2 protein chains.
Amino acid sequence: MDVIPPQQVVAQAEALCHRRGVRLTAQRRQVLEILSGAGRPLGAYEILGAMRDGSRLLAPPTVYRALDFLLQQGLVHKLESLHAFVGCNHPEHPHFSQFLICADCGQVTELEDAAISQSLASAASESGFRPQRPVVEMIGTCAECAGKAGLDPSDET
Amino acid sequence: MDVIPPQQVVAQAEALCHRRGVRLTAQRRQVLEILSGAGRPLGAYEILGAMRDGSRLLAPPTVYRALDFLLQQGLVHKLESLHAFVGCNHPEHPHFSQFLICADCGQVTELEDAAISQSLASAASESGFRPQRPVVEMIGTCAECAGKAGLDPSDET
DNA sequence: AGAAGGTACGTTATACTGTAGCATTCATGG
DNA sequence: CCATGAATGCTACAGTATAACGTACCTTCT
């Protein structure tokens, strides 16, 4: 669906990092490529498996470090409810995203809904709370899966 | 602050479970008491530690099962970004909650903001998505911590 | 070029979080 | 009392994440 060609994602990331004066190293780029190419959320250890260079398997901190960098730069997002990571669709302009996660097929849709962001931000500031990192995820059933099997949810086991 | 007396919480839970025809067993009640009394999020293993009966330490599935039950009944919430659990402030009427989590002092505030719930629900249904479980958390700095140390964030180490 | 300092990487070990599976006990209704 | 299903106890293990420390590399300044 919204799978953007990894090359394009990487080129964009390259430009962004250069502009910011941070280094998109080979390893970080590789993680970004893997995530962009997957088109679905990947766990850290899945990424790690895809990074194997020849027969050598890298250690967990390697991938977590690359992910930390990409998260900081807004190039990937973490889905807290899945313990998994996805590439960001629009890294150019950092912003608050929301995610629709299908519990059936695993597909994830990234939203960028101003009403959600604003209502959350204003609710926070009403409490004197200073927002830093939002986590907004909705677990449910995507349109396609709802159409296939969800018309009558009364017969679920 | 919003620490409701555990006894009151338990009494309310008792009534609720009775009305629903489910069993609030001693163990489940104990987990609820521990969470309500803590006034802050607790990890599953922290709860487990607090549950020790004499010198005997229980095994992880015990606490996870009790938590599963309490989550189903809406008596506790899980904070996905913390891998931790909190007692629910208003279990009577099941609803969607949001959480403000202070990264500094760890304090958590449960909100019940209709604007957030509605904007999230309508964004989801615009995509044909059928919502089931929302995860809405804001990590940031609470009013108290912002007042103490956050006036000039430029001198952070 | 050479030295200094910081960033990134490799690796080991381990901590933390969560679940599968199976035996046992307990409460409940016939 | 017995049958049934729910709840518990327990072992073992799977999955997620980080601490700590040493090494390589890149940049900058002299």
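Quick notes on the rules
- Residues numbered from 1 in each chain as written.
- Chains lettered and ligands numbered in written order.
- Predicted model: local features only at pLDDT ≥ 70, side-chain atom pairs only at ≥ 80, totals over all residues.
- Heavy atoms only, no water.
- Phe/Tyr/Trp six-rings, centres within 6.5 Å; stacked < 30°, edge-to-face > 60°.
- Helix = DSSP H or I, 4+ residues; strand = E, 2+ residues; numbered from the N terminus.
- Buried < 20%, exposed > 50% of the residue type's maximum accessible area, 1.4 Å probe, protein only.
- Lys NZ or Arg CZ within 6 Å of the ring centre and 35° of its normal.
- Expected span 1.5 Å × (residues − 1).
- Arc of directions from axis to C-beta.
- Near = heavy atom within 4 Å.
- Polar contact = N/O pair within 3.5 Å; in protein donor to acceptor, adjacent residues only side chain to side chain.
- Domains from an automatic or database assignment.
- Contact = heavy atoms within 4.5 Å.
- Buried area = accessible area lost by both parts, 1.4 Å probe.
- Salt bridge = Lys/Arg side-chain N within 4 Å of Asp/Glu carboxyl O.
- Pairing = 2+ DSSP bridges.
- Axes fitted to C-alpha atoms, helices over the stretch in contact; angles between N-to-C directions.
- Least-squares fit on C-alpha atoms with pLDDT ≥ 70 in both.

Draft legend 1. Broad picture of the packing of aromatic side chains. Residue and element names in this part refer to chain A. All told, the structure shown has two aromatic pairs over all chains when counted by the stated rule. Ring geometry for Tyr45 and Tyr64: centres 6.5 Å apart, planes at 70°, overall edge-to-face. With Tyr45 in helix α3 (residues 44-50) and Tyr64 in helix α4 (residues 60-72), this pair connects stretches of sequence that are 19 residues apart. By relative accessible area, which is 36% here, Tyr64 ends up partly exposed. One residue, Arg28, lies across the ring of Phe69, its end atom 3.9 Å from the ring centre.

Draft legend 2. Broad picture of helix α1 (residues 6-20) of chain B. Residue and element names in this part refer to chain B. Along its 15 residues, α1 runs 21 Å from first to last C-alpha, staying within 8% of the 21 Å computed at 1.5 Å per residue. Those residues of α1 that fall on the buried side of the exposure criterion are Val9, Val10, Ala13, Leu16 and Cys17. Taken end-on, α1 shows its buried residues confined to a sector of 125°, consistent with a single buried face. Opposite its buried face, α1 presents the exposed residues Gln7, His18 and Arg19, each directed more than 90 degrees away. Immediately beyond the C-terminal end of α1, within one or two residues, lies Gly21, with a positive phi of roughly 70°.

Draft legend 3. Quick peek at the protein's contact with DNA strand D. Around DNA strand D, the surrounding shell holds 17 residues, and the nearest of these are Tyr45 and Lys78 of chain A together with Thr25, Gln27 and Arg65 of chain B. Per the 4 Å cut-off to the protein, sugar and phosphate atoms form 47% of the nearby atoms of DNA strand D. The separation between a base nitrogen of DNA strand D and a polar side-chain atom of Tyr45 of chain A is 2.7 Å. Of all the secondary-structure elements, those providing two or more residues to the surface near DNA strand D are α4 of chain A together with α2 (26-38) and α4 (60-72) of chain B. At four residues, the largest contribution of residues to the surface near DNA strand D is made by α4 of chain A.

Draft legend 4. Structural detail: the domain arrangement of chain A. All names here are of chain A. What the domain assignment reports for chain A is domain 1 (1-88) and domain 2 (95-157). Centre-to-centre, using C-alpha coordinates, domain 1 lies 22 Å away from domain 2. Across the boundary between the two partners, domain 1 contributes 11 residues, which contact 11 residues of domain 2. In this assembly, domain 1 packs against domain 2 so that about 860 Å² is buried in total across both faces, 60% of it on carbon and sulfur atoms. Between Glu80 and Arg133 there is a salt bridge; the shortest N-O distance is 3.2 Å. At the junction of domain 1 and domain 2, the tally comes to four residue pairs in polar contact (both at pLDDT 80 or more). Among the secondary structure elements, those contributing two or more residues to the side of domain 1 that touches domain 2 are β1 (76-79) and β2 (84-87). Among the elements that take part in the side of domain 1 that touches domain 2, β1 stands out by supplying three residues, more than any other.

Draft legend 5. Seen up close, the sheet that holds strand β4 (residues 108-111) of chain A. Overall, mixed pairing links the six strands, which are arranged β4(A)-β3(A)-β5(A)-β5(B)-β3(B)-β4(B) in an open sheet. Pairing within the sheet leaves two strands with one partner each, and these edge strands are β4 of chain A together with β4 (108-111) of chain B. Direction aside, neighbouring strands of the sheet carry axes that sit 20° apart on average. Relative to strand β5 (residues 130-141) of chain B, strand β5 (residues 130-141) of chain A is paired through 11 bridges, and the arrangement is antiparallel.

Draft legend 6. Looking closely at the relation of the copies chain B and chain A. Expressed as a screw operation, the relation of chain B to chain A combines 0.1 Å of axial shift with a rotation of 179°, fitting to an RMSD of 0.1 Å. On this basis, the relationship between the two copies can be described by a two-fold rotation axis. For chain B, the residue whose C-alpha comes nearest the rotation axis is Val136 of chain B, separated from it by 2.2 Å. Most of the interface of chain B is mirrored in chain A: 100% of its interface residues are interface residues there too.

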